[in-house]
Amino acid sequence: MKVGKNNFRPPPKVDSRVVRIEPRNPPPPVNFVEWDGMVRLCFNRKNKTLRSVFTTKSVLNLLEKNFRTYHALKNLPLPETFNTNTVKIIGKLIVLLKQM
């Protein structure tokens, strides 16, 4: 549902929308601790876009650290092409997926 600028005081320079979130039954098979961390990361700072969140150095470093930890815990080798640019690409992919 679209919310007009005139519904706010002072009126913002952008349009707003209301999003309705409904729980799924049965819940999806996700690790809720990881999901909570991702949601907190995405919405930690108000008026921040997902793109700006996922392109900050601290978030990119966190993604890289988590990727390396995941591979270490699962005894998986890191891809030969893995480097810091890979993490930047992963961040951009996450942003693109959120736009779908």
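These lines cover the structure that appears in this document, whether it is placed above or below. Please read these numbers as outputs of a predicted model, since none were measured by experiment.

With that settled, the discussion passes to the overall build of the protein. Each helix and strand counted, the protein has 4 helices and 2 strands in total. Along the protein, helices and strands appear, N-terminal first, in the series β-β-α-α-α-α. Out of the 100 residues belonging to the protein, those deemed buried represent 14%. Within the protein, contacts between residues separated by at least 24 positions form 22% of all contacts whose residues are at least 6 apart in sequence.

Taking 1.5 Å per residue, 17 residues should reach 24 Å; helix H3 (residues 57–73) reaches 24 Å between its end C-alpha atoms and fits that length. For H3, every residue scored as buried is listed here: Val59, Leu60, Leu63, Glu64 and His71. Down the axis of H3, the buried set is contained in an arc of 140°. They therefore lie on one face. Pointing more than 90 degrees away from the buried face of H3 are the exposed residues Ser58, Lys65, Ala72 and Leu73. Residue Asn75 follows H3 closely and has a positive phi angle near 55°.

Moving on to the pattern of salt bridges. Enumeration according to the criterion identifies 3 salt bridges in this entry. Where Glu64 meets Arg68, a salt bridge forms, and the shortest distance between an N and an O atom there is 3.0 Å. Of this pair, Glu64 and Arg68 both sit in helix H3, separated by 4 residues, roughly a single helical turn. Using a relative accessible area of 14% as the deciding quantity, one classes Glu64 as buried. What makes Arg68 partly exposed here is its relative accessible area of 37%.

Within the secondary structure, His71 sits in helix H3. Once residues within four sequence positions are removed from consideration, His71 is found in contact with Leu76, Pro77, Leu78 and Pro79.

Criteria and thresholds
- The residue numbering used here restarts from 1 in each chain and proceeds along that chain's sequence as written.
- Where totals are concerned, whole chains, interfaces and linings use all residues; where local detail is concerned, this predicted model gives features only for residues with pLDDT of at least 70, and gives and counts side-chain atom pairs only at 80 or more.
- Values reported for side chains reflect all heavy atoms of the structure, with hydrogen atoms and water molecules removed beforehand.
- Counting from the N terminus, the helices are DSSP H or I runs at least four residues long and the strands are E runs at least two residues long.
- Three exposure classes are used, based on accessible area relative to the maximum for each residue type with a 1.4 Å probe and protein chains only: buried under 20%, partly exposed in between, and exposed over 50%.
- Note on contacts: a residue pair is in contact if any heavy atoms of the two residues lie within 4.5 Å.
- Under the convention used throughout, the expected extent of a helix is 1.5 Å for every residue step, that is, one less than its residue count.
- To obtain the arc, one takes the directions from the helix axis to the C-beta atoms.
- Whenever Lys or Arg places a side-chain nitrogen within 4 Å of a carboxyl oxygen from Asp or Glu, that contact is recorded as a salt bridge.

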